Amino acid sequence: MSDDHLIRTDAELQALFGPVGDASLRKEVDHLHPVYRRWIEASPFAVVATVGPTGLAVSPRGDPAPLVRVVDAHTLLLPERRGNNRIDGLRNLLRDPRISLLFMVPGVGESLRVTGRAEVSVAPDLLASFAVDGALPKCVVRVAVDSVMFQCGRAMLRSGLWQAASAPADVPSAGAMLAALTNREVGGDDYDRALPQRQRDTLY
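Read on for an overview of the structure. (Residues numbered from 1 in each chain as written. Predicted model: local features only at pLDDT ≥ 70, side-chain atom pairs only at ≥ 80, totals over all residues. Heavy atoms only, no water.)

This part is about the nonpolar core. Counting residues in hydrophobic clusters, the biggest one holds 26 residues, and the most contacted among them are Ile40, Leu76, Ile99, Leu101, Phe103, Val114 and Val141. Of all the secondary structure elements, the ones that give two or more residues to this core are α3 (34-41), β1 (45-52), β4 (75-80), α4 (88-95), β5 (98-104), β6 (111-121) and β7 (139-151). Not counting residues up to four positions away in its chain, the partners in contact with Val114 are Ile40, Leu76, Ile99, Ser100, Leu101, Phe103, Val145, Ser147 and Val148. Core analysis: the next-biggest nonpolar cluster, separate from the first, contains 5 residues, Leu77, Leu127, Phe130 and Val140 among them. (Core = buried A, V, L, I, M, F, W, Y, C linked by side-chain atoms within 4.5 Å. Buried < 20%, exposed > 50% of the residue type's maximum accessible area, 1.4 Å probe, protein only. Helix = DSSP H or I, 4+ residues; strand = E, 2+ residues; numbered from the N terminus. Contact = heavy atoms within 4.5 Å.)

At a minimum axis separation of 8 Å, helix α7 (residues 174-181) and helix α8 (residues 189-201) run at an interaxial angle of 140°. For the element pair α7 / α8, the angle class is oblique. As α7 packs across α8, the resulting crossing turns out to be right-handed. Across the interface between the two elements, Ala174, Gly175, Ala176 and Leu178 from α7 touch Tyr191, Asp192 and Leu195 from α8. Taken together, the residues that form the contact of α7 with α8 break down as 5 nonpolar, 1 polar and 1 charged. (Axes fitted to C-alpha atoms, helices over the stretch in contact; angles between N-to-C directions. Parallel < 35°, antiparallel > 145°, perpendicular 65-115°, else oblique. Left-handed = near helix turned anticlockwise from the far one by under 90°. Nonpolar A, V, L, I, M, F, W, Y, C, P; charged D, E, K, R; others polar.)

This next bit is on helix α1 (residues 10-17). The buried fraction of α1 amounts to 0 of the 8 residues, a small share that puts the element mostly on the outside. At the C-terminal side of α1, Gly18 shows a positive phi close to 90°.

Okay, here's the thing in structure tokens:
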């Protein structure tokens, strides 16, 4: 790829895409407007992005809707459930509080983006309020909201994400990916056979 064709300035980028429509500007607000609150409370899933000194982290979060608790127009709470214990995003938040969440609702083309600043709490009463079948989250991320806007549904339409009935047969499984990455020291068919039950047993 020739460097002659790289976009290097904001002006070049804006010229490439053209002017921003009025609706695209006005849909962004600095708080959880009631209509956005209704949308978030219908969402069981979000992608969470953070940044830190070692780089970026993006990871999924899911729970029965609502995934997060809206406290007020400027605050939401995200419980951190069991996972792989890498905690890359949480480590980032200890060093840089910036966070972005992209909420999705199955079957809905639009998504909702929230950006803000976060802190990590282990207050006992707060953890207890997010218990599921007696299992507490490890911690709760409190997000002070800076910006909220919805994203249009074109990406979902182009990808056909919600129309996909099943995964393509040639997508490698978790066991296959681990086996390839570890020279078959970890993963493989046994890993894949045990994984569904292990996930059910350790869901919360």
